[in-house]
Amino acid sequence: MNEPLKDRAARERFTTEWERNFAVSANAGSGKTTAISERLAAIALSPKAAALLPKTAVVTYTKKAAAQIGQRARQVLMRQLEATGATDLGALDHLERAFFGTIHSFCLLLAQRYGQPLGLNLNPRLLVENEEEENVFWEEFLEQDSMQFVSLTTGELDAFLRFVALDEVFEVSRGLNGATAKNLARRRPAGPLPAPSELALQQILALPAKGAAKARENLALNQRSATAWLERFLSGHGFLPLYEPVGSAKSICELAEGWMAPLKSWLADAAAVLAAELAGRYREFRFERGVQTYADQIDAVMTVLHDAATLDKIRADGWRVILDEAQDTDSQQFAVLVEITRPAGALAGTWPDGGGAAPRPGHFCMVGDGQQAIYRSRADVRNFTRHLGAFARGDGGELLVFQVTFRTPRAVVELLNAGFPDAFGPEREHNLGLAPAEGVVAPLLQVRYEPLEAGPGNEEGGALRFQLAIPTEPPSGVDGWLAEEARQLAEFLNAQGPKAVGAQAWGDICILAPRVDWLVVVQKEFE
């Protein structure tokens, strides 16, 4: 007899209690798509299906994932209908009226349905960022733009351009959404360009030569280049990139960072306001020509939500949102999905942090796993953890955890559970951010690891840890350390053969890396 799943109660609650809000923390291979599908099927079979499903939005990050959820929900519902011998397919018709799509397509739907009184473009042409059509469009914008800036004085702009090429501002401004640009525009530099830290420079020049010959050589080179850089800085003439030390010695790198810190801070603020100004002109250029990026679609619906009367009209329509891949959702996207599910009259932006009313029961659910966040450049995983935390303390709903993974071998589960809680925990200093004030606990930047439970059908598998040796001469940079790790692993495999990792032949071994360019480094060392 099969033992029940350890998290069966949580799964059943998510499926059947569809008049409650849940935040589901679901690990890889936990069957979250099935869980969402079963919840939708339960709603479709209920007497309220005709009223609820046309106002139900299942939102995820890709079109493919949205289509898969819709297909799986239909399959689950058909199996349930067949099991009961039902011949009335009305439940399937109700399910077909739910929305399955990306956050951007849902925002476009909201803008088209509610934005006409606000003058929004209801049928924009979509530009996909960084694809060929948008690349050409961006170049057209740059060619016609005057490149005249009012956010900095002439003196401030000249000071900025001495150290930073304007091209570097272009790439920042190109992808800014309206809200981010508005925030950056407030970061005007305070006062004139400051000088670099004199104390840090004196410490650089006073560093004693020690260690291997290469280290001493690098130190001498860094001290000479620091002196030369200061002379050029004081001359006030010519383009001057910020000082960058040679090598990876901790002492010189930290002092160089401190030396440049006053300049970097001022230049960052100057770059922020320039990027914001240029982003605003690019956005106007797009709107005048009837085109939108994905970020524009979010901005458009945010315009709708900022109108209190329109927002309450949307809320009155009773939208219910199921958000998949919540860990990859940014703050504005969360705002859209949360605000339309809150009670009429609730002040926008006051939940989950402002003490305002939470989403109405049954109107907002999210499913995600902070350990699987893959869009860090766009979506800070802390957006996810803020909302998860609200549910965990009972504000707006309940937190459910799906611990069982149906994909991961048992040996791998044991290895992960033994090492990852500490690796992602607050005991590791590098997992903590800066404390907001003295005496205040530093924030945890990692997502806490949820221990896994192997499913009943998971294979035993195998897992081992390969102990790396610290080299006598530390490599330089990330690629240097990666090459050293790959070299040691290659030597181990060459000496022990494929059986050392449980494989029968070399073709059974797969080397994985987080980035494609890292695989090139690994391949070189293996060859």
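Just so it is clear, the structure is predicted and the values come from calculations on it, not from any experiment.

Engineer: Would you take a moment to explain the overall build of the chain for this structure?
Structural biologist: Scanning the chain from terminus to terminus reveals 20 helices and ten strands. With the principal axes as the frame, the chain shows a C-alpha extent of 85 × 65 × 50 Å. When the 527 residues of the chain are sorted by exposure, 43% land in the buried category. Here the contacts in the chain between residues at least 6 apart in sequence split such that 74% fall between residues at least 24 apart. Accessible surface computed for the chain: about 28,100 Å², of which carbon and sulfur atoms make up 54%. Once the 53 positive and 67 negative side-chain charges of the chain are each reduced to a mean point, those two points are 4 Å apart.

Engineer: Looking at this structure, I do not really get the nonpolar core. What am I missing?
Structural biologist: Generally speaking, soluble globular proteins have nonpolar side chains that are buried together. Of all hydrophobic cores here, the largest spans 46 residues; its most connected members are Phe160, Phe163, Trp229 and Trp259. Where this core is concerned, the elements lending two or more residues are helix 7 (132-144), helix 8 (154-163), helix 9 (166-174), helix 10 (178-184), helix 11 (198-206), helix 12 (213-235) and helix 13 (250-288). Among the elements that take part in this core, helix 13 stands out by supplying 18 residues, more than any other. Among all residues touching Trp229, those that are not within four sequence positions of it are Phe163, Pro196, Leu240, Pro241, Leu242, Tyr243, Trp259, Met260 and Leu263.

Engineer: Honestly, the pattern of salt bridges in this entry has me stumped. Any pointers?
Structural biologist: When the charged atoms of two side chains with opposite charge come close together, those side chains can pair. All told, the structure shown has 30 salt bridges when counted by the stated rule. One salt bridge in this structure joins Glu12 and Arg8, with 3.9 Å as the shortest N-O distance. In this pair, Glu12 and Arg8 both sit in helix 1 (residues 8-16), four residues apart, roughly one turn of the helix. With relative accessibility at 44%, the residue Glu12 sits in the partly exposed group. Taking the relative accessible area as the measure of exposure, Arg8 reaches 45% and is therefore partly exposed. In this structure, Glu254 engages Lys250 in a salt bridge whose closest nitrogen and oxygen atoms are separated by 4.0 Å. Separated by four residues within a single helix, Glu254 and Lys250 lie in helix 13, roughly one turn from each other. The burial state of Glu254 is the same as that of Lys250; both residues are exposed.

Engineer: Any chance you could explain helix 14 (residues 294-305) here in plain terms?
Structural biologist: Given 3.6 residues to a turn, an α-helix orients residues that are three or four positions apart in the same direction. End to end, helix 14 covers 17 Å across twelve residues, agreeing with the expected 16 Å (1.5 Å per residue, within 8%). With ten of twelve residues buried, helix 14 lies mostly within the body of the structure. Here helix 14 has its buried residues at Ala295, Asp296, Gln297, Ile298, Asp299, Ala300, Val301, Met302, Val304 and Leu305.

Engineer: Looking at this structure, how should I read the packing of aromatic side chains?
Structural biologist: Within a pair of aromatic rings, the relevant descriptors are the distance that separates the centres and the angle that separates the planes. Summed over the entire model, instances satisfying the criterion amount to 20 aromatic pairs. Ring geometry for Phe106 and Trp319: centres 5.3 Å apart, planes at 75°, overall edge-to-face. Taken as a pair, Phe106 in helix 6 (residues 103-114) and Trp319 in the loop between helix 15 (308-316) and strand 6 (320-323) lie far apart in primary sequence, 213 residues in all. In this structure, Phe106 and Trp319 share a single accessibility class: buried. Between Trp229 and Trp259 the ring centres are 5.3 Å apart and the planes differ by 70°, which places this aromatic pair in the edge-to-face class. Here Trp229, found in helix 12, pairs with Trp259, found in helix 13; they are 30 residues apart in sequence, far enough to count as distant.

Engineer: Would you explain empty space enclosed by the protein in this entry?
Structural biologist: A probe as big as a water molecule, rolled over the atoms, marks out the empty space that is left. Tallied over the full model, the rule gives three cavities of 30 Å³ or more. There is about 60 Å³ of room inside the largest cavity. If you go around the largest cavity, the residues you meet are Trp18, Arg39, Ile43, Thr56, Arg320, Val321, Ile322, Gly362 and Cys365. At the level of elements, helix 2 (32-44) and strand 6 are the ones that each hand at least two residues to the lining of the largest cavity. Residue composition of the lining of the largest cavity, grouped by class: five nonpolar, two polar and two charged.

Engineer: When you look at the environment of Glu473 in this model, what are you seeing that I'm missing?
Structural biologist: Its location among the elements puts Glu473 in the loop between strand 10 (453-454) and helix 19 (477-496). For the pair Glu473 and Asp330, spaced 143 residues apart in the sequence, the C-alpha separation amounts to 42 Å. Those residues in contact with Glu473, other than ones at most four positions away along the chain, are Ala212 and Lys214.

Engineer: I tried to follow the confidence of the model for the chain on my own but got confused; where do I start?
Structural biologist: Segments scoring low in pLDDT should not have their predicted coordinates read at a detailed level. Averaged over the chain, the pLDDT score is 91; the fraction of residues at 70 or greater is 98%. When mean pLDDT is compared element by element in the chain, strand 6 scores highest at 98, while strand 4 (residues 125-126) scores lowest at 88.

Engineer: Quick question: what am I supposed to make of the pairing of strand 1 (residues 22-26) here?
Structural biologist: Residues in a regular strand point their side chains to alternate faces of the sheet. In terms of residue burial, strand 1 counts as a mostly covered element, since five of its five residues are buried. Burial along strand 1 is two-sided: the residues Phe22, Val24 and Ala26 and Ala23 and Ser25 are all buried. The pairing of strand 1 with strand 8 (residues 398-402) spans five bridges and is parallel. Its bridge partner being in strand 8, Ala23 is matched across the sheet by Leu399. With three bridges joining them, strand 1 and strand 7 (residues 364-368) adopt parallel strand pairing.

Engineer: What is the right way to read the sheet that holds strand 1 from this model?
Structural biologist: Strands in a sheet are paired, the pairing made by backbone hydrogen bonds, and the direction either parallel or antiparallel. The strand order across the open sheet formed by six strands is 3-2-6-7-1-8, and the pairing between neighbours is parallel. Where the open sheet ends on each side, the last strands, each with one partner, are strand 3 (99-102) and strand 8. Recorded for the sheet is a direction-independent mean angle of 15° between the axes of neighbouring strands. Sheet topology note: the strand 2 (residues 56-60)/strand 3 ladder contains four bridges and is parallel. Of the residues in strand 3, the one forming a bridge with Val59 is Gly101. Most of the contacts of helix 4 (residues 63-84) go to strand 3, to which it runs at about 160°, and overall it touches strand 2 and strand 3.

Engineer: Help me understand helix 4 in this model?
Structural biologist: Between its terminal C-alpha atoms helix 4 stretches 32 Å, which fits the 32 Å expected from 22 residues at 1.5 Å a residue. Those residues of helix 4 lying buried are Ala65, Ala66, Ile69, Gly70, Ala73, Val76, Leu77 and Leu81. End-on, the buried residues of helix 4 take up no more than an arc of 145°, which puts them together on one face. Away from its buried face, by an angle of more than 90 degrees, helix 4 presents the exposed residues Lys63, Lys64, Glu82 and Ala83. Elements in contact with the buried residues of helix 4: helix 2, strand 2, helix 5 (90-96) and strand 3. Where helix 4 ends, the next residue or the one after it, Gly85, has phi of about 75°, a positive value.

Conventions we followed
- Residues numbered from 1 in each chain as written.
- Predicted model: local features only at pLDDT ≥ 70, side-chain atom pairs only at ≥ 80, totals over all residues.
- Heavy atoms only, no water.
- Helix = DSSP H or I, 4+ residues; strand = E, 2+ residues; numbered from the N terminus.
- Buried < 20%, exposed > 50% of the residue type's maximum accessible area, 1.4 Å probe, protein only.
- Contact = heavy atoms within 4.5 Å.
- Areas by Shrake-Rupley, 256 points an atom, 1.4 Å probe, with all protein chains shown as cover.
- Lys, Arg positive; Asp, Glu negative; His and termini not counted.
- Charge placed at Lys NZ, Arg CZ, Asp CG, Glu CD.
- Core = buried A, V, L, I, M, F, W, Y, C linked by side-chain atoms within 4.5 Å.
- Salt bridge = Lys/Arg side-chain N within 4 Å of Asp/Glu carboxyl O.
- Expected span 1.5 Å × (residues − 1).
- Phe/Tyr/Trp six-rings, centres within 6.5 Å; stacked < 30°, edge-to-face > 60°.
- 1 Å grid on protein atoms, 1.4 Å probe; cavity = no way out; pocket = protein on both sides within 12 Å on 5 of 7 lines; lining within 4 Å.
- Points joined across faces, edges and corners; volume = space filled by probe spheres on them.
- Nonpolar A, V, L, I, M, F, W, Y, C, P; charged D, E, K, R; others polar.
- pLDDT = per-residue confidence, 0-100.
- Pairing = 2+ DSSP bridges.
- Axes fitted to C-alpha atoms, helices over the stretch in contact; angles between N-to-C directions.
- Arc of directions from axis to C-beta.

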